[in-house]
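# Per-entry structural report
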Amino acid sequence: MRVCWGAARIAGALLAGLCAGAALAQAAPELPVEYFAHKPVMADVDLSPDGSHVAYLAPYNDRMHLVVRTLNPGPGDKPAAIAPSDTEIIGFEWVGNERLLVTVLQTDRKRTSEGASTPVRFSRLIAVSRDLKETKVLLDRPPSDTSNYYWTSIPILQFVDDEHVLVAIPLDDGPEPSVVKLNVVTGKYTRVRKGQTGIGSYILDPSGQIRIASSYDDKTQKFKYLRLNASGYFDVMRSGSANDSKDDFSIQGFDAVGQQLYVSVRKDSDRLAVFKYDMETDTLGEKVADHPRYDVGALTRRGLVVGFRWIDDLPARRWIDPELQSLQDMLDKVVPNSREIIIDTAADRRLVLVASYSSDAPTTYRLFDRNAKTFDLLGDTYPDIPQEDVAEQKPVSFKARDGLDIPGYLTLPVGSAGRNLPFIIMPHGGPSYRDSGIFDPMVQFLANRGYAVLPPNFRGSTGYGSTFEEAGHRQWGGLMQDDVTDAAQWAIAQGYADPKRMCIVGWSYGGYAALMGVVKTPDLFKCAIATAPVADMQRLYDELRYDRGKNFNRKWIFGDDPGSLTAISPAANAGKIKAPVLLVHGDLDVQAPVIHSRDMARALTKEGKSVEYIEIKNMDHSPMTTSQMATILSAWEKFLKTHLGQ
């Protein structure tokens, strides 16, 4: 059953406006590429503490803007919007009711010691008034100060009051972060604790007191949690190996009064669970949240643990507060075929902000008024896409060649018979990531063009426990790639896929897997699309020398034999490829430098292979603007139509 949202209101706990009947399925009309290319029309939604306003991110004039609107508009009231030029807004937080802290990310070029230039990312904190008319850049540094200028994140550790926050930033006396108290109105700050060699992060209690710090030594690949003692020094609280899942121990935060500590750990299971932790005896206490199949973590708000989270096919939550959990249970029964998740409440809890996730509809946001007993639609993430044209992203599972169960999500075009279809295998990026049933605009775009799509959660994907994740370690081009191949063979065996019309499409690590797919199984796929891929494993090995986790990442990806990289490098095996290849890359890609696609294009051309290469100016690893994404999807569409005939 699908929900019709014409009235956009649910009274009490009863759903209004259900579709009375369902017409026979028909093929969805081709929708404009722009309907899928923009980022969600409403994202990162957050209520002001008093519940009078709502803030969110929305695309406008080709880029994401911060929007603030009143929930009870009067005559002439209009939403306010702002977007700093040449930057991407990646997050924001309310600081009281009158001001927000906005984090922006920019990609630029930095001169190297050899005289060349390399892309770098840096972030800034900007304080803005609620009406978005007053802005102030905080913790600014001149571009010449390269030691501190290129921050990729500025952690907000705790909110003190309506004008002050505690943040961790590197100052002039070293690369390690200091803790400072920042006035978001004046921009002035005072240091609370000087940065200390080896310490990378801090955990504060609700009062703003530093209680715990963490460190990591990449030479030994050991981590430490340190407890602040009465003399103001740190004692070792817990240590372990970053490469051993048995030592997988992560401090999640404190409770509301700062007495109870919560940690995430694997104990008696390879799934992460959340436990209470006794800081006096350094022992695990009661297990408070786990799941028989999925990893569970803590849900924190402003440094406090308020609940627990996991993903089955859709996001799931359990709250510590019984009243909030009771409300969660009630809301989740209101909309059929949907998962309702509380994402924010006003301070008095009268207004509750809810995200609705579904496998056959875009995510929507609704506002529940506990006094008026109304449940109003606040916004839709992809409002131009008609509900009847959304294809279901259905969970499936198949056996890999060694018997391991591999989960994935099968999407069939609306109105299709589901048999002998032009088919896309779409491995995800990461590879430390996982796909879910949440609406995916790229998958939906391909389905709208008539293609069936299967993103497999190959071994190495996260969320399914350490055994499944570690099975992918050191398996680039190996067992992880075999799982992707087995996904394609399963789709053919089940009759979903036409074996003569199958393409492999991926982004980032998924782009690497797309290239390796046509290297290892040159007769299986009729074409390959690799967007922002890694293509040269020797180059990746060398690039990691600049990474602070160099040794950990090299061991995790390559193992102890970096000399074996040629066999798993697409650029070194271009001669084995038979299928046409489309490469798409941004020239400012920090994560997977553009040289990977340039080298791959040259290698394919040298071998006389069919290759198209599109380089997008001023794009990082992911598009910042709608037009950049539209360029990518349009290129995909043209290439697939040429080589699959759809």
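Residues numbered from 1 in each chain as written. Predicted model: local features only at pLDDT ≥ 70, side-chain atom pairs only at ≥ 80, totals over all residues. Heavy atoms only, no water.

### A closer look at the overall build of the protein
When helices and strands are tallied, the protein shows eleven helices and 36 strands. Against the 2.2 N^0.38 benchmark of 26 Å for 646 residues, the protein shows a C-alpha radius of gyration of 25 Å, consistent with a compact globule. By its C-alpha atoms, the protein is 65 × 65 × 50 Å across when sized along the principal axes. Buried residues in the protein amount to 55% of all 646 residues. Restricting the contact set of the protein to residue pairs at least 6 apart, pairs at least 24 apart contribute 55%. By element, 48% of the accessible surface of the protein is carried by carbon and sulfur atoms, the whole surface being about 28000 Å². (Helix = DSSP H or I, 4+ residues; strand = E, 2+ residues; numbered from the N terminus. Rg over C-alpha atoms; globule rule 2.2 N^0.38 Å. Buried < 20%, exposed > 50% of the residue type's maximum accessible area, 1.4 Å probe, protein only. Contact = heavy atoms within 4.5 Å. Areas by Shrake-Rupley, 256 points an atom, 1.4 Å probe, with all protein chains shown as cover.)

### Comments concerning the pattern of salt bridges
Note on pairing: side chains with opposite charge can pair once their charged atoms come close. Summed over the entire model, instances satisfying the criterion amount to 30 salt bridges. Here Arg 366 and Glu 340 are joined by a salt bridge, their closest N and O atoms 3.9 Å apart. Remark: Glu 340 occurs in strand β25 (residues 339–345) and Arg 366 occurs in strand β27 (residues 361–369); sequence separation between them is 26 residues. The pair Arg 366 / Glu 340 is uniform in exposure class, with both members buried. Within the structure, one salt-bridge network assembled from shared partners comprises Asp 321, Glu 323, Arg 349 and Arg 370. (Salt bridge = Lys/Arg side-chain N within 4 Å of Asp/Glu carboxyl O.)

### Describing the pairing of strand β34 (residues 527–531)
Of all five residues that make up β34, five are buried, and the element is covered over most of its length. Every second residue of β34 is oriented toward a common face, with Cys 527, Ile 529 and Thr 531 on one face and Ala 528 and Ala 530 on the other, all of them buried. Bridge count between strand β33 (residues 497–507) and β34: five bridges; the pairing is parallel. Bridged to Val 505 within β34 is Ile 529. After leaving β33, the chain enters helix α7 (residues 509–520) and then returns to the sheet as β34, a path that is right-handed. With four bridges connecting them, β34 and strand β35 (residues 581–586) associate as parallel partners. Residue pairing for β35: Thr 531 is matched across the bridge by Val 584. (Pairing = 2+ DSSP bridges. Right-handed = clockwise from strand over helix to strand, strands pointing away.)

### Some remarks on the sheet that holds strand β3 (residues 53–60)
The strands that make up a sheet are held in pairs by hydrogen bonds between backbone atoms, and each pair lies either parallel or antiparallel. Across the sheet, which stays open at both edges, the four strands sit in the order β2-β3-β4-β5 with antiparallel pairing between neighbours. At either end of the open sheet lies a strand with only one pairing partner, and these are β2 (43–47) and β5 (80–82). Mean inter-strand twist for the sheet, computed between neighbouring axes without regard to direction, equals 25°. In the sheet, strand β4 (residues 63–70) pairs with β5 via three bridges, with the strands oriented antiparallel. Looking at the pairing, Val 68 lines up with Ala 80 of β5. (Axes fitted to C-alpha atoms, helices over the stretch in contact; angles between N-to-C directions.)

### What to know about the sheet that holds strand β17 (residues 234–241)
Pairing is antiparallel in the open sheet, where four strands are placed in the order β14-β15-β16-β17. Whereas interior strands pair on both sides, the edge strands pair on one side only; in this sheet they are β14 (199–204) and β17. Shown here is a sheet whose adjacent strand axes are inclined to one another by a mean of 20°, direction ignored. By the bridge criterion, five bridges tie β14 to strand β15 (residues 210–217) in an arrangement that is antiparallel. Pairing of Ile 203 across the sheet is with Ile 212, part of β15.

### Some remarks on the state of the cysteines
Counted by the stated rule, this structure contains one disulfide. A disulfide bridge connects Cys 503 with Cys 527, and the sulfur atoms are separated by 2.5 Å. The sign of the S-S torsion, about -135°, decides the handedness of the disulfide formed by Cys 503 and Cys 527: left-handed. Here the residue Cys 503 occupies a position in strand β33, and Cys 527 occupies one in strand β34, the gap between them amounting to 24 residues. Of the two residues examined, Cys 503 and Cys 527, each falls in the buried class. (Disulfide = S-S within 2.5 Å.)

### Some details on the confidence of the model for the protein
Mean pLDDT for the protein: 89, with 92% of residues reaching 70 or above. In the model, residues 1–24 has pLDDT below 50 throughout and makes 42 contacts with residues more than four positions away in sequence or in other chains. (pLDDT = per-residue confidence, 0-100.)

### Structural notes on α7
Along an α-helix, a turn takes 3.6 residues, which lines up residues three or four apart on a common side. Spanning twelve residues, α7 covers 16 Å between terminal C-alpha atoms, matching the ideal 16 Å at 1.5 Å per step. Listed in full, the buried residues belonging to α7 are Tyr 509, Gly 510, Gly 511, Tyr 512, Ala 513, Ala 514, Leu 515, Met 516, Gly 517, Val 518 and Val 519. Elements in contact with the buried residues of α7: α6 (479–493), β33, β34, α8 (537–543), β35 and α10 (595–606). (Expected span 1.5 Å × (residues − 1).)

### Quick notes on the packing of aromatic side chains
Here the distance between the centres and the angle between the planes together describe a pair of aromatic rings. Under the defined criterion, the tally for this structure stands at 17 aromatic pairs. Relative to Phe 375, the ring of Phe 368 has its centre 6.1 Å away and its plane inclined at 85°; by these criteria the two rings are edge-to-face. With a centroid separation of 4.7 Å and an interplanar angle of 80°, the aromatic rings of Trp 476 and Tyr 509 are classed as edge-to-face. Of the two residues, Trp 476 is situated in the loop between α5 (466–470) and α6 and Tyr 509 in helix α7; the sequence distance between them amounts to 33 residues. For the pair shown, Trp 476 and Tyr 509 are each scored as buried. An aromatic cluster of three or more residues is present, and its members are Phe 223, Tyr 225, Phe 249 and Tyr 277. Directly above the aromatic system of Phe 159 lies the positively charged group of Arg 302, at a separation of 3.8 Å from the ring centroid. The lysine or arginine in question, Arg 554, covers the ring of Tyr 541, its NZ or CZ lying 4.0 Å from the ring centre. (Phe/Tyr/Trp six-rings, centres within 6.5 Å; stacked < 30°, edge-to-face > 60°. Lys NZ or Arg CZ within 6 Å of the ring centre and 35° of its normal.)

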